[in-house]
Amino acid sequence: MKDGFITVAAGTPRIRVADCRYNAEQIFTLMREADKQGVKVLALPELCLTGYTCGDLFLQETLLNGAEEGLRTILEATKHLDLIAAVGLPVRDRWHNKLYNCAAVIQKGEILGLVPKTYVPNYGEFYEQRWFASSDGPQGVDDDFELCGQSVCLNSNGIFACDSVPDLVIGVEICEDLWAPEPPSTSLARRGATLILNLSASNETVGKAAYRRSLVTGQSGRLVCGYVYADAGEGESTTDLVFAGHNLIAENGTILAERRFATGLTISEIDVAKLAAERRRMNTFTFPGGGPGVWRISFDLPVTKTRLTRPVSPTPFVPEDAESREARCSEILCIAALGLKKRLEHTGARTAVVGLSGGLDSTLAVLITALAMQMLDRPATDIIAVTMPCFGTTDRTKSNAVLLAERLGTTLRTVDISASVRSHFKDIGHDPEDHSVTYENAQARERTQVLMDIANANGGLVIGTGDLSELALGWCTYNGDHMSNYAVNAGIPKTLVRHLVSFISDDKEAEDPQLSTVLTDILDTPVSPELLPAVQGEISQKTEDLVGPYELHDFFLYYIIRWGFSPRKVLRLAEQAFAGRYDRRVLLKWLRSFYRRFFSQQFKRSCLADGPKVGSVALSPRGDWRMPSDAVAALWQEELEGLD
C-alpha cells in the first residue's frame, strides 16, 4: 500500500442455490485465498450467501436465518484477516418489516456496515421488487439493528475510510445501481470515495459483456475512481438465465483486469494516491452541497509494500498494440496539421519555412507542414525547406534532407553557414578549436537567423522543430532552435516522434517508395544536433550519450508532469517497466538528471512559441504548465538522495 497502491480483487465463488452453509464455506475459503495473495479489498457477488436466483425462497424465514448464520460463520472464520470484504446477502430490517438486498462490509470478524441496493429492478427477467425494498427508506445511523450479535447500521449513503491510507475511501453499490441514470457511486465519489465496489448478479446475453464493460470503464473515468465489479457465476440457477462471473477491475477509465466464464479471484492494484491527485487537479470535481449527510466509518489496514502485477508500459505515450498505435499517429498528425493550418490562414503567410537537418524532428515538422498545405489546397512549393550544413553535418544527414525535400516537392534551399559562423567567432574572439557550448550554440543561433530572414523575405512563418522531450530537458539553444513562429512538434515526445515518422513511411511505401526509403534511413540515423565535427564522416555527437535515453526521459516526463508522482514512486514504476533492461543505478542516474535539467531549464519554456497540444502532457507556459523559472528543486533532490 506504499506509494498509494492497494491490491483489490473481484471474487466469484462457486455456490449452490439456497445452500447458505456451503456458500459460506466457499466465501471464507476465497477470502483466505485473497488474503494469501495480498488482497486488501475484496468484492463478492450480489446475494452470494444465498444465491441470487432463489426466487420466492427469499420470503422463507429458514433461508433468511440461514443467510444470517452463514454470515456469522464467515465472520468467525475470517476474524484474523485484515482485508476488507463486501459480501452479498438478504437482510431483514425487523423494525420496518422490510427485506433488503445488501452488501455487508466486513473486516476482522466485524460488520463495519450494511449497504442496501438503491435501484431494485422489476423488468425483463428481473423481479426483485417482489421480495426486496429500495434503500430510499433508511437514511443512516438511525436505522441500527442487531445482526449476528452485532449492532449494525443500514445506510446506502455510507463510505468506509482507511485511517492508515487516507486516500483509500470505499463506496459500495449493487448491480442495477450502475445501470441507473444517477448511480449511487456518483454521490459516493463526490463525498470522497476513491474505490467503488459493485456486488452484481448480471446474467449473460449476447452483447451484454461489452455494454457492461463500457459502463464500468465509463463510470470509473467519470468519477476518477477505482471500480471493482464482482459478478455471480457458476452455481446460480440456469432455469432461465446463465451467469458468467464477468469480473472487472478498472481505474479512471482503464480496464486493469478482467475475467469471464470462471470462478475465483480477479486481482489488480488500484493507485488511490494517483486518483486523489487527479481529483485535486480537476477543480470541477466538487463536494456536493445539501442533501442527506454522509455516513462515514473508519477502519485500518497495516501499511505494507504492494506487489505490482498491473501492467506498467515503458512507453506511456505510445500504445503497445499496432492498431491503437496507428490510430494515435493518425490523430496526432491531424491535430498538429490543423493547428498549423489555422496559423497559416490567420497570418496570411505565403510560405512556411522549415530547417531540414536530416534528423527525426525536422523530418516530422516538414511532414506535418506538408499535410497542412494539403488541407489548404496549396502546393508543396509553398514550403521552403532549408538545409544549413556546418562543421558537424555528415553526408548522410545532408543527403537525406535534400532527398526528403525533393520527394515532398518543396522549394529547396541550401545555405552553408560555415563561413558566417567563422566570421562570428572572429567578431566575438572565440577560438574555433574550442568546441565548447559557444561553439555549438553559435551554429544553432545562426541557423535560426537564416530561417527567420528567409521567412521575412518570402512572407513566411518559421516552423519550429523541437519536440516535447527536448523542451522538458532544455535540450535546445536559447533563441536558437528554441525559437520559431509556430512549433508543431512542441506537444510530441521523442518516443512518439519516431513512431509518427515510421507511420508515414509505412503509409507512403506503395505510393512513393523513394520517400519511404529516405524516411526509413532517417529513422535509422542516431539522434544528434550535429554541432561537433564528424569523425571519419560519421556523427560524433549522439544526444542520448549526453542526456540519457529518451525512452527513460519520456517515462519520467509522463509520470512526473501528468500525475505529479514523487521521485520514489517514479523510480519504483521505472524498475517495474524496464526490468531486465536498466538496473536501479542507471535509472536513478538519469532520473536525477531529468529533475536537475527540468528545474534549471524552465526559463526556456517560459517564452516558448505557440504550438498545439496533442496529448495529456504539455509544457506551454500559456496552457498546462506554469512554473517559476527560479523554482528550487531541493525537496526533490533530497528525496532522490535517499533512494541510493
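S.K.: Provide a residue-level description of the packing of aromatic side chains, including the pertinent values.
M.R.: Per the counting criterion, the structure on display carries 23 aromatic pairs. Ring geometry for Phe317 versus Tyr558: centroids 5.5 Å apart, planes at 80 degrees, classification edge-to-face. Of this pair, Phe317 sits in the loop between strand S15 (295–299) and helix H7 (322–347) while Tyr558 sits in helix H16 (residues 550–562), placing them 241 residues apart in sequence. An identical accessibility class is assigned to Phe317 and Tyr558; each is buried. One cation-aromatic arrangement involves Lys569 over Phe5; the distance from NZ or CZ to the ring centre is 4.9 Å.

S.K.: How would you explain the side chain of Ser484 if you had to name every residue and give the values?
M.R.: Along the chain, Ser484 falls in the loop between helix H12 (468–473) and strand S20 (486–487). Among the polar contacts made by the side chain of Ser484, one reaches the main-chain amide nitrogen of Gly464 at a distance of 3.4 Å. What Ser484 contacts, discounting residues up to four positions off in sequence, is Met452, Val462, Ile463, Gly464 and Ala609.

S.K.: Summarise the pairing of strand S13 (residues 254–259); cite the residues concerned and give the values.
M.R.: Direction of pairing for strand S12 (residues 247–251) relative to S13: antiparallel, over a ladder of five bridges. Each residue of the ladder has a partner; that of Glu251, found in S13, is Thr254. Linking S12 back to S13 in an antiparallel pair, the connection comprises two residues, with Asn252 at a positive phi of about 50 degrees.

S.K.: Outline the state of the cysteines, listing residues and values.
M.R.: Summed over all chains, the structure comprises zero disulfides. There is no disulfide at Cys476, and the cysteine sulfur nearest it, in Cys607, is 9.2 Å away.

S.K.: Lay out the packing of H16 against helix H18 (residues 584–600) with the relevant residues and their values.
M.R.: Where H16 contacts H18, the two axes come as close as 10 Å, and the packing angle between them is 60 degrees. Considering their axes alone, H16 and H18 lie oblique with respect to each other. Crossing handedness for the pair H16 and H18: right-handed. When H16 is examined against H18, the residues Leu552, His553, Phe556, Leu557, Ile560 and Ile561 are found in contact with a partner set consisting of Leu587, Trp590, Leu591, Phe594, Tyr595 and Phe598. Counted by class, the contact of H16 with H18 contains eleven nonpolar, one polar and no charged residues.

S.K.: Residues and numbers for the pairing of strand S10 (residues 195–200), please.
M.R.: Extensive coverage of S10 is indicated by the burial of six of its six residues. The side-chain alternation of S10 yields two buried faces, one formed by Leu195, Leu197 and Leu199 and the other by Ile196, Asn198 and Ser200. With five bridges joining them, strand S9 (residues 169–174) and S10 adopt parallel strand pairing. In the strand pairing of S10, Ile170 is matched with Leu195. Here S10 runs beside strand S11 (residues 226–231); their pairing, made up of six bridges, is parallel.

S.K.: Can you explain the pattern of salt bridges? Please cite residues and give values.
M.R.: By the definition in use, this model includes 37 salt bridges. Notably, a salt bridge pairs Lys108 with Asp82, separated by 3.2 Å at the nearest N-O pair. Of this pair, Lys108 sits in the loop between strand S4 (98–107) and strand S5 (110–116) while Asp82 sits in the loop between helix H2 (61–77) and strand S3 (84–93), and the two are 26 residues apart along the sequence. With relative accessibility at 45%, the residue Lys108 sits in the partly exposed group. When its relative accessible area of 22% is taken as the criterion, Asp82 is described as partly exposed.

S.K.: Help me get a handle on unusual backbone geometry, residues and values and all.
M.R.: At Ala18, a position not held by glycine, the phi torsion is positive, near 75 degrees. Structurally, Ala18 is set in the loop between strand S1 (5–12) and helix H1 (20–36). You will see that Lys108, though not glycine, has its phi angle at about 50 degrees, which is positive.

S.K.: Tell me what's going on with the sheet that holds strand S8 (residues 158–162), and back it up with residues and numbers.
M.R.: Here seven strands make up an open sheet; going across it, the order is S13-S12-S11-S10-S9-S8-S15 and the pairing mixed. The open sheet terminates on both sides in strands that have one partner only, identified here as S13 and S15. Neighbour-to-neighbour, the strand axes of this sheet turn through a mean angle of 20 degrees, independent of strand direction. Relative to S15, S8 runs parallel, the two being bridged by five bridges. Bridge pairing in S15 places Ala161 opposite Ser298.

S.K.: Run through the sheet that holds S1, naming residues and quoting values.
M.R.: Taking strand neighbours across the sheet as the criterion, the six strands line up as S5-S4-S3-S2-S1-S14 in an open arrangement whose pairing is mixed. The strands lining the two open edges of the sheet, one partner per strand, are S5 and strand S14 (264–271). Adjacent strand axes in the sheet meet at a mean angle of 30 degrees when their direction is disregarded. Pairing of S4 with S5, which is carried by six bridges, proceeds in the antiparallel orientation. When the sheet's bridge partners are listed, Cys102 is paired in S5 with Pro116. With respect to the sheet, H1 is in contact with S1, strand S2 (41–43), S3, S4 and S14, its orientation differing from that of S14 by roughly 45 degrees.

Definitions and cut-offs
- Residue numbering note: each chain is counted from 1, following its sequence as written.
- It should be noted that, the model being predicted, local features are given only for residues of pLDDT at least 70 and side-chain atom pairs only at 80 or more, the latter also being counted only at that level, while totals for whole chains, interfaces and linings use all residues.
- Hydrogens are left out, water is left out, and the side-chain values use all remaining heavy atoms of the structure.
- Centre distance within 6.5 Å is the pairing criterion for rings of Phe, Tyr and Trp, where only the six-membered ring of Trp is used; planes under 30 degrees apart are then read as stacked, over 60 as edge-to-face, and the remainder as tilted.
- Helix and strand assignments follow DSSP, with helices taken as H or I runs no shorter than four residues and strands as E runs no shorter than two, numbered in order from the N terminus.
- Any residue under 20% of the maximum accessible area for its type is buried, any over 50% is exposed, and the rest in between are partly exposed; the area is computed with a 1.4 Å probe on protein chains only.
- Whether a charge sits over a ring comes down to the Lys NZ or Arg CZ being within 6 Å of the ring centre and within 35 degrees of the ring normal.
- Definition of a polar contact: a pair of N or O atoms within 3.5 Å, with one able to donate and the other able to accept a hydrogen when the atoms are protein atoms, and with sequence-neighbouring residues admitted only if both atoms are side-chain atoms.
- Working rule for contacts: check all heavy atoms of both residues, and any pair within 4.5 Å makes them a contact.
- A pair of strands is treated as paired once DSSP finds two or more bridges between them.
- The disulfide definition used here is simple: a pair of cysteine sulfur atoms within 2.5 Å.
- Angles shown run from 0 to 180 degrees and are taken between the N-to-C directions of axes, each axis being a line fitted to C-alpha atoms and, for helices, limited to the stretch in contact.
- Small angles under 35 degrees read as roughly parallel and large ones over 145 as roughly antiparallel, with 65 to 115 read as roughly perpendicular and the rest as oblique.
- The crossing is said to be left-handed when, going from far helix to near helix, the turn is anticlockwise and less than a right angle, and right-handed when the turn is clockwise.
- Residues are grouped as follows: nonpolar covers Ala, Val, Leu, Ile, Met, Phe, Trp, Tyr, Cys and Pro; charged covers Asp, Glu, Lys and Arg; every other residue, Gly included, is treated as polar.
- Between Lys or Arg on one side and Asp or Glu on the other, a salt bridge is scored when a side-chain nitrogen of the former is within 4 Å of a carboxyl oxygen of the latter.

Don't take any of this as a statement about function, it's just geometry.
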